Every structure is written in structure tokens, then in C-alpha cells.
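# Coordinates in review
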Amino acid sequence: MGTFFTAFHGQRIVAHGPLHEVAQAVGNKTGVALVYDDATGRVIDLDPRYPPQAPAEAEPRGRGRPKLGVVAHEVTLLPRHWDWLSSQPGGASVAIRKLVEEARRSSGDRDRKRAAQEAAYRFMSAMAGNLPGFEEAVRALFADDLRRFSGLIASWPEDVRDYATKLAFSDREEKHGD
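Keep in mind the model is a prediction, meaning the values are calculated, not measured.

## Quick word on the nonpolar core
For soluble globular proteins, nonpolar side chains are generally found buried alongside one another. Counting residues in hydrophobic clusters, the biggest one holds 23 residues, and the most contacted among them are Phe 8, Phe 123, Met 124, Leu 141, Phe 149, Trp 156 and Val 160. When residues of this core are traced back to their parent elements, those giving at least two are α3 (91–128), α4 (134–142), α5 (146–152) and α6 (158–176). It is α6 that contributes the most residues to this core, 6 residues altogether. Membership of the second largest hydrophobic core comes to 9 residues, among which are Ala 7, Val 22, Val 35 and Leu 46.

Spelled out as C-alpha cells, the structure:
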């Protein structure tokens, strides 16, 4: 879902898809349309000149191996942490990458669910904050209660209701068809 966007005009969806398609569909109506990032639920600013006309400037080359996607960042650890890392096969970088991958595997589903809830909350706050049942719907959202959530938002405008549900519970819809 991360590379898709949804544009609303009022409470109706007017476009959905990759950013270039949404930008084209919205056209010069960017002042009246709100475009949401499906991955984060955040409103994005859509440049009316999209795609940009000016050529992108080359970014200065940084440390690391940018062709491989490796980016250098500073990490601050206690001496005992550095001692442990340096004693690991492959050194500190390999050990840190392994630790990060293991953490991603062990908490991946929980992290994805939390990100989906936060995206839905951001969208709902912007589009449905004044609609009936908003506060209770937020509680049901963070309780991961699809049935209660659906009942509380049943009276909301169809596109707002469906998009909020998609953001929050798309993993459940894909697996179970709820």
C-alpha cells in the first residue's frame, strides 16, 4: 500500500493509485482535493506542476555504499556495547544488521498493525473528527475490534468509511475477506 495515494474532494474519493496517476486525475484541482498517502494516512502536498519540470539536482555523495542503499549514520553506545559488537563475527556493522533484522522479524506483524492503526487515525482525525461516533470508533480502532469499528462508522459517508476501514484493517480483509 505504501506507493499508493487516494484523493478526496469533500468526502468522496476522486482518484486512487500511484502518485502520478492521482496527480493527473486531480489536475489543477489540488486546492480542493486532499491527497492521502495510503501507507501513513497523512495528507501530502501535491505540487500542481507534478511531475516537477525542473531537473533534479544531483545529491552530494555521502559516506557508505549508496549504490547498495547503504547509508552511514552515527550510533552512540556505551563502551560495553562497542566491546560486544566488535567481538561479533563480521564486526559491529554485521552484528547490528543481524540484530535489526531479527527485531523486524519478531515484531513485524505488531509493527504493521500499529502503523495501519496510526494511518487510519490520522485520516479519521482529518476527515471524520466531527462525525458521529468518532471517539468511540477510535477506541475500537486501537482495540483492534473490526466488528465494533464497522458498526460505529456505519453512518459515515461511504468513501470515508471504506477508506478508514481499508487503512486500519486491510490485512484482515486480504486474509479473511471481512
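## Topic: the side chain of Asp 38
Examined against the element boundaries, Asp 38 turns out to sit in the loop between β3 (33–37) and β4 (43–44). Given the relative accessible area of 1%, Asp 38 is considered buried. A polar contact is formed between the side chain of Asp 38 and the side chain of His 16, at a distance of 3.4 Å. Polar side-chain contacts of Asp 38 include one of 2.4 Å to the side chain of Tyr 163.

## What about the pairing of β3?
Of all 5 residues making up β3, 4 are buried, and the element is well covered by its neighbours. Taken together, the 5 bridges between strand β1 (residues 5–9) and β3 define a ladder with antiparallel strand orientation. Bridging across to β3, His 9 finds its partner in Ala 33. Of the strand pairs in this sheet, β3 and β4 are connected by 2 bridges, and their pairing is antiparallel. Pairing of Tyr 36 across the sheet is with Val 43, part of β4. Taking the residues between adjacent antiparallel strands as the criterion, β3 and β4 are bridged by 5 residues, where Gly 41 takes a positive phi near 75°.

## Notes on the sheet that holds β1
Taken in spatial order, the 4 strands line up as β2-β1-β3-β4 in an open sheet, and their pairing is antiparallel. Across the chains shown, the open sheet's two edge strands, defined by having one partner strand only, are β2 (12–17) and β4. Pairing of β1 with β2 involves 5 bridges; the strand directions are antiparallel. Each residue of the ladder has a partner; that of Phe 5, found in β2, is Gly 17. Seen against the sheet, helix α1 (residues 19–26) touches β1, β2, β3 and β4 and runs at an angle of roughly 140° to β2.

The rules we used
- Residues numbered from 1 in each chain as written.
- Predicted model: local features only at pLDDT ≥ 70, side-chain atom pairs only at ≥ 80, totals over all residues.
- Heavy atoms only, no water.
- Core = buried A, V, L, I, M, F, W, Y, C linked by side-chain atoms within 4.5 Å.
- Buried < 20%, exposed > 50% of the residue type's maximum accessible area, 1.4 Å probe, protein only.
- Helix = DSSP H or I, 4+ residues; strand = E, 2+ residues; numbered from the N terminus.
- Polar contact = N/O pair within 3.5 Å; in protein donor to acceptor, adjacent residues only side chain to side chain.
- Pairing = 2+ DSSP bridges.
- Contact = heavy atoms within 4.5 Å.
- Axes fitted to C-alpha atoms, helices over the stretch in contact; angles between N-to-C directions.

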